[in-house]
Amino acid sequence: MYDIQLKRIYADISPDDGARVLVDRLWPRGKRRETLQLTDWYRDASPSPPLRRQWHQKEITDRDFFLRYCRELDRNRNSLVPLLRWCRQGRLTLLSASRDLERSHLPVLRGCFWKH
C-alpha cells in the first residue's frame, strides 16, 4: 500500500528516496544537516529514551522491545500523522544511524503503517 523504504543515514542519497525523514532521537555523528537533504528530522516516532536505553543495554529482549515500542506508537497515534502525510505523497524513506536496520526500530515503525 505505502512505499516505505529503510535506509541508513550514512548511505548515499538517491533521487528515488522521496521524502527523507530521520526518525532517531539523537543526531547522527559526523553528519551536517545541510549535507543530508532531509525532508524532516522527526523524533516523535522514535522509541522513548528509557525504552531505547533498555534495549541497547540488553535489559529487554528484541520481542519485548517490539511489543513496548508498538504500545508507545499505539498510545500516541498522532505521532504517525506527519509520516502518513509524506507516504500519501509518494515514497517515504525512513532514515536511522543504526548499523543494522533490520534490528532497529525502523521495521517496527514501518509495520505500523499497515495498520492505517
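Keep in mind that what you see is a predicted model, and the values were worked out from it rather than measured.

Cut-offs applied
Per-chain numbering applies: the sequence of each chain, read as written, is numbered from 1 onward. Per-residue local features are limited, in this predicted model, to residues with pLDDT of at least 70; the limit for side-chain atom pairs, both in listing and counting, is 80 or more; totals at the level of whole chains, interfaces and linings are taken over all residues. Computation of side-chain values: all heavy atoms of the structure, hydrogens and water removed. Points on a 1 Å grid over protein atoms alone make up a cavity when a 1.4 Å probe fits among them but cannot get out, and a pocket when they form an open set with protein on both sides within 12 Å along at least five of seven lines; lining residues each have an atom within 4 Å of a point. Grid points are joined across faces, edges and corners, and a volume is the space filled by probe spheres set on the points. To qualify as a helix, a DSSP run of H or I must reach at least 4 residues; to qualify as a strand, a run of E must reach at least 2; elements of each kind are numbered from the N terminus. Under the scheme applied here, ten amino acids are nonpolar (Ala, Val, Leu, Ile, Met, Phe, Trp, Tyr, Cys and Pro), four are charged (Asp, Glu, Lys and Arg), and all others, including Gly, are polar. Buried residues are those whose accessible area, probed at 1.4 Å on protein chains only, stays under 20% of the maximum for their type, while exposed residues exceed 50% and partly exposed ones sit between those limits.

> What is the right way to read the layout of surface pockets from this model?
Take a probe with the size of a water molecule and roll it over the atoms, and the empty space left behind shows itself. Approximately 700 Å³ is the volume found for the largest pocket. Broken down by secondary-structure element, the contributors of at least two residues to the lining of the largest pocket are α1 (49-56) and α2 (62-75). The biggest single contributor to the lining of the largest pocket is α1, with 3 residues. Of the residues in the lining of the largest pocket, the class split is 9 nonpolar, 6 polar and 10 charged.

> Just to check I follow, could you spell out unusual backbone geometry for this structure?
Peptide bonds are trans in most cases, and residues, glycine excluded, mostly fall at negative phi. Located in the positive-phi region is Gln-37, a residue other than glycine, with phi close to 50°. Considering the arrangement of structural elements, one finds Gln-37 in the loop between β2 (19-22) and β3 (40-41). Judged by its relative accessible area of 55%, Gln-37 falls in the exposed class. Residues other than glycine seldom take positive phi values, yet Lys-58 does so here, at roughly 60°. With respect to the element layout, Lys-58 can be found in the loop between α1 and α2. When its relative accessible area of 66% is taken as the criterion, Lys-58 is described as exposed.

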